[in-house]
Amino acid sequence: MDNYLLMPDSFKGTMDAMTVCRVIKQSLLERRPQAAVRAVPMADGGEGTVDCLLTALGGERKTCIVSGPDGRSIESFYGVCAADGRAAGEKLAVIEMAAAAGFDSTGKFRDPSSATTYGVGQLMRDAIENGCRHLVLGLGGSCSNDGGAGMAAALGAVFSNRDGRAFLPCGKTLSRIAAIDTSALKKLLDGVRITLMSDIDNPLYGPQGAAMMFAPQKGADAAMTKMLDKQLRIYADILREQLHVEVDRLAGGGAAGGLGAGAYAFLGVKPRQGIDVMLDVVDFEHLAPQFDVILTGEGCLDSQSLGGKAVIGIARRAAPLGIPVIAVVGRMKGDRNRYLHAGIQAIWQTEPRGGYVPQEGEAPDYQKALADTIRRCL
């Protein structure tokens, strides 16, 4: 086998997907210098999604000034690719919502009740106004809980209170919405295709909803969490009354503080598994048959992987094409046969066995462990 396609996800907490690709490629070519290697790093919609798709497709990172989650201006970014795999010539924008409404945007800001996704909509608007007609929006890493109302407002939706005054809703004021005008938003989005990436299927509200499950991680205490959940329940009623859209039971509606539900209500799109979006955008069914084997991987292969993470998602798409898939992972939990039955041909672990062992008192060198694993197993 001389043609290798590298499609790893990040090894969370140790290496991003681009680093994993670089280490695997270098180690592979040391053993098989005649090999042809193509690196297509994977991501799930969170941090690193822009860089992964720019690496896979080529393009450029565009910076612009937008509203951060606390309303202060920040420098943010998105990626612009020349075309995606399904529509040659179509300009594609890749946006990480966390780049405008995530914790890293403003450092210590931790108040999901007032955080806004307005900057996310500004990134989308900038991409549209610069000629992009397909937007891929990753929903990971949010610090907000506004149901996507801020995003919708930046795209042209007008929210009015009971006095008829326009305002920008946030997590604690969703119940004040009395009317919604989406005419300008619809005009802006005419002819624009939007795809959402999310790896959670939580509903908008309730015990497994956006607030109850995730608001405490964003800085909410018990009272705020309960209040935010109530606001999202009322918001669902308002969207039903004003836009005639049901979001109560939408799988993934609770992603990114309810942005999943807001995107469905205002943009008409449902969240999709991040790995499936990535594989569609890089035109996997056309790309993969050019190679003899696919090397994928992630930090930990476990039961969550079987739910549709990168490794299993790739294996399932590769199986009908007859292309073997090897998983290179930091560690594996559970019965190996479960993963082999899901389409993986082999699993290479960097720990606990392998040639690299840290010296006493030495911090683990994860890149070296990965490199040693590739050299040993090839």
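Please refer to the structure placed before this passage.
Let me sum up the structure you'll find in this document. (Residues numbered from 1 in each chain as written. Predicted model: local features only at pLDDT ≥ 70, side-chain atom pairs only at ≥ 80, totals over all residues. Heavy atoms only, no water.)

Things to note about the pattern of salt bridges
Counted by the stated rule, this structure contains 17 salt bridges. As a salt-bridge pair, Asp-44 and Lys-12 come within 3.8 Å of each other at their nearest N and O atoms. Highlighted residues: Asp-44 in the loop between strand E2 (36-39) and helix H2 (49-57) and Lys-12 in the loop between strand E1 (3-8) and helix H1 (17-31), separated in sequence by 32 residues. With its nearest N and O atoms 2.6 Å apart, the salt bridge here joins Arg-240 to Asp-248. (Salt bridge = Lys/Arg side-chain N within 4 Å of Asp/Glu carboxyl O. Helix = DSSP H or I, 4+ residues; strand = E, 2+ residues; numbered from the N terminus.)

Here's the deal with the pairing of E1
A large share of E1 lies buried, amounting to 5 of its 6 residues. Judged from the 4 bridges that link them, E1 and E2 form a sheet pairing that is parallel. The residue of E2 that forms the bridge with Leu-5 is Arg-38. A crossover connection joins E1 to the parallel E2 through H1; in handedness this β-α-β unit is right-handed. (Buried < 20%, exposed > 50% of the residue type's maximum accessible area, 1.4 Å probe, protein only. Pairing = 2+ DSSP bridges. Right-handed = clockwise from strand over helix to strand, strands pointing away.)

Focus: the side chain of Thr-296
One can find Thr-296 in strand E11 (residues 293-301). When near neighbours in sequence (up to four residues on either side) are disregarded, Thr-296 contacts Met-7, Pro-8, Ala-310, Val-311, Ile-314, Val-325, Ile-326, Ala-327 and Val-328. (Contact = heavy atoms within 4.5 Å.)

Side note on the state of the cysteines
Counted by the stated rule, this structure contains 0 disulfides. There is no disulfide at Cys-170, and the cysteine sulfur nearest it, in Cys-143, is 12 Å away. For Cys-170, a relative accessible area of 10% translates into the label buried. No disulfide involves Cys-377; its sulfur sits 17 Å from the nearest other cysteine sulfur, which is in Cys-300. (Disulfide = S-S within 2.5 Å.)

Focus: the packing of H1 against helix H15 (residues 366-377)
Running from N to C, H1 and H15 point in directions that differ by 35°, and their axes come no closer than 9 Å. H1 and H15 meet at a crossing whose hand is right-handed. Touching Thr-19, Val-20, Arg-22, Val-23, Ile-24, Ser-27, Leu-28, Glu-30 and Arg-31 of H1 are Gln-367, Leu-370, Ala-371, Ile-374, Arg-375 and Arg-376, all from H15. Tallied by class, the residues present in the contact of H1 with H15 amount to 7 nonpolar, 3 polar and 5 charged. (Axes fitted to C-alpha atoms, helices over the stretch in contact; angles between N-to-C directions. Left-handed = near helix turned anticlockwise from the far one by under 90°. Nonpolar A, V, L, I, M, F, W, Y, C, P; charged D, E, K, R; others polar.)

Points about the pairing of E11
Burial runs high along E11: 9 of the 9 residues are buried. Examined bridge by bridge, E1 and E11 share 5 bridges and lie parallel to one another. The partner of Leu-6 across the bridge, within E11, is Leu-295. Inspection of the sheet shows E11 paired to strand E12 (residues 325-332) by 7 bridges, in the parallel sense. Across the sheet, Leu-301 pairs through a bridge with Met-332, a residue of E12. Taken together, E11, helix H13 (residues 310-318) and E12 constitute a β-α-β crossover, and its handedness is right-handed.

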